[in-house]
Amino acid sequence: MLPDELRAAVENLAAVPHLLVALDFDGTLAPFVDRPEDARALPGSAEALARLAEPGAAGAEPRTTTALLSGRHLESLRLVARPPEHVLLVGSHGAERYSPETGDEPLTLTDGQETLLAAATAALRDITAAFAGARLEHKPSGVVLHVRQCSTADGEAALSGARAALDGTPGIHVTEGKAVLEAAVVRVDKGVGLDWLRRVSGAGTVVFAGDDVTDEHAFSTLGPDDLGLKVGGGETGAEFRVGTLADVTEFLNLLTSVRRL
Ligand SMILES: [Mg+2]
């Protein structure tokens, strides 16, 4: 059951002329799994995401725009989320972008950024070689160390080794999430990504839901008329919180019924 205050806030969104609903993917729509490529949204959440902003009659202005805002790179996000074409996408925390009007906005690195990325990749590769279960994910904007499949002790040692190797290197931006550490050579965060979605959609009001510390950048951009939803435990700047991914499905179903009246 959703908290009454959250239900009331969703019902208040019925009258908003144009609403943007932006959602994190892993840990918000899709349960965590050992292999990132196996993640899938809960069926009810995927269906609500597809229906919420289904294109209407030709020429009709959309009342609701939907978007995924993820730390994954765009290719990986598409593979696991299989979003309908009308869903806007932001990958790599804001570094990669897609809208149906403009297509993919590719990311190009400077020579200096390429060199930094090669150095960060080499440093993290040494760490994955030293700890069983640690693995690397390559993105256009950076490299990510995953330790979800390590023992707790190995995971912590791998992460602290990565911090020691990378922290303080000019031009390398280290961000940590749940059992991941990302070294990016492009400075972006989900706040930047959400600002882009707000601008490109033209929506006056925004809903954003996310579960991780990296989502806090997006929550911090929300205004008094927007709605932020934190999934699970941990400190947050979001106004509302739910406990489980099934609650997210219920939230999206309520939002869909409110917006598609
Ligand atoms: Mg997440």
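Just so we're clear, the structure is a prediction, and the values are computed from it rather than from any experiment.

## Section: the side chain of D215
Next up, step 1: Within the secondary structure layout, D215 lies in the loop between strand 10 (205-210) and helix 7 (216-219).
Next up, step 2: Residues within four places of D215 in sequence aside, it is in contact with D24, K190, F208 and G210.

## Here's the deal with the coordination of the magnesium ion
Next up, step 1: Around the magnesium ion, the protein supplies D24 (OD), D26 (O) and D211 (OD) as donor atoms, at distances of 2.1 to 2.2 Å.
Next up, step 2: Along the chain, the residues that donate to the magnesium ion are spaced as D-x1-D-x184-D. Highlighted residues: D24 in the loop between strand 1 (19-23) and helix 2 (43-52) and D211 in the loop between strand 10 and helix 7, separated in sequence by 187 residues. Considered together, D24 and D211 belong to a single accessibility category, that of buried residues.

## Here we look at the sheet that holds strand 12 (residues 240-242)
Next up, step 1: Strands sit in the order 5-4-3-2-1-10-11-12 across an open sheet of eight strands; the sheet is mixed. Two strands lie at the open edges of the sheet, namely strand 5 (103-105) and strand 12, each paired on one side alone. Taking each pair of neighbouring strands and ignoring which way they run, the sheet shows an average axis angle of 15°.
Next up, step 2: Where strand 2 (residues 64-69) and strand 3 (residues 88-91) come together, three bridges link them in parallel fashion. Paired with A67 across the two strands is L88, which belongs to strand 3.
Next up, step 3: In the packing of helix 3 (residues 74-81) onto the sheet, contacts are made with strand 2, strand 3, strand 4 (96-99) and strand 5, and the angle to strand 3 comes to roughly 130°.

## As for the environment of H146
Next up, step 1: Locating H146 in the fold gives a position in strand 7 (residues 142-146).
Next up, step 2: For H146, the contacting residues outside a window of four places in its chain are P36, G133, A134, R135, E137, A179 and V180.
Next up, step 3: Polar contacts involving the side chain of H146 include one to the side chain of E137, which spans 2.7 Å.

## Points about the packing of helix 2 against helix 8 (residues 245-259)
Next up, step 1: For the pair helix 2 and helix 8, interaxial distance at closest approach is 9 Å and the crossing angle is 25°. With respect to helix 8, the element helix 2 is oriented roughly parallel. In this structure, the crossing between helix 2 and helix 8 has a hand that is left-handed. Residues G44, S45, A48, R51 and L52 of helix 2 form the contact with helix 8, whose participating residues are L245, V248, T249, L252, N253, L255, T256 and R259.
Next up, step 2: Looking at side-chain class alone, the contact of helix 2 with helix 8 contains six nonpolar, five polar and two charged residues.

## Let's talk about the side chain of K139
Next up, step 1: The topology assignment puts K139 in strand 6 (residues 135-139).
Next up, step 2: In this structure the side chain of K139 is engaged in a polar contact, spanning 2.9 Å, whose partner is the side chain of E182.
Next up, step 3: In contact with K139, not counting residues within four places along its chain, are G71, R72, H73, S92, H93, L117, V144 and E182.

## Overview of the domain arrangement of the chain
Next up, step 1: What the domain assignment reports for the chain is domain 1 (4-107 + 188-259) and domain 2 (111-184).
Next up, step 2: With centres defined by C-alpha atoms, the gap from domain 1 to domain 2 works out at 27 Å.
Next up, step 3: Between domain 1 and domain 2, the contact holds 19 residues from the first and 14 residues from the second.
Next up, step 4: Summing the contributions of domain 1 and of domain 2, the shared interface buries around 1200 Å²; its carbon and sulfur component is 54%.
Next up, step 5: It is F32, D34 and H73 that lose the most area in domain 1 upon contact with domain 2, and together they represent 30% of the buried surface on that side.
Next up, step 6: In this structure, the connection of domain 1 to domain 2 is made through two salt bridges.
Next up, step 7: A salt bridge links K178 to D211, with the shortest nitrogen-to-oxygen separation between them at 2.9 Å.
Next up, step 8: At the junction of domain 1 with domain 2, the criterion picks out six residue pairs in polar contact (both at pLDDT 80 or more).

## Points about the pairing of strand 11 (residues 227-231)
Next up, step 1: Taking burial as the measure, the five residues of strand 11 include five buried ones, the bulk of the element.
Next up, step 2: Alternating residues of strand 11 divide into L227, L229 and V231 and G228 and K230, and every residue in both groups is buried.
Next up, step 3: For strand 10 and strand 11, the ladder comprises four bridges, and the chain directions are parallel. Bridging across to strand 11, A209 finds its partner in L229.
Next up, step 4: Pairing of strand 11 with strand 12 involves three bridges; the strand directions are parallel. Paired with V231 across the strands is V242, a residue of strand 12.

Calculation notes
Residues numbered from 1 in each chain as written. Predicted model: local features only at pLDDT ≥ 70, side-chain atom pairs only at ≥ 80, totals over all residues. Heavy atoms only, no water. Helix = DSSP H or I, 4+ residues; strand = E, 2+ residues; numbered from the N terminus. Contact = heavy atoms within 4.5 Å. Donors = N, O, S within 2.8 Å, 3.2 Å for Na, K, Ca; no water. Buried < 20%, exposed > 50% of the residue type's maximum accessible area, 1.4 Å probe, protein only. Pairing = 2+ DSSP bridges. Axes fitted to C-alpha atoms, helices over the stretch in contact; angles between N-to-C directions. Polar contact = N/O pair within 3.5 Å; in protein donor to acceptor, adjacent residues only side chain to side chain. Parallel < 35°, antiparallel > 145°, perpendicular 65-115°, else oblique. Left-handed = near helix turned anticlockwise from the far one by under 90°. Nonpolar A, V, L, I, M, F, W, Y, C, P; charged D, E, K, R; others polar. Domains from an automatic or database assignment. Buried area = accessible area lost by both parts, 1.4 Å probe. Salt bridge = Lys/Arg side-chain N within 4 Å of Asp/Glu carboxyl O.

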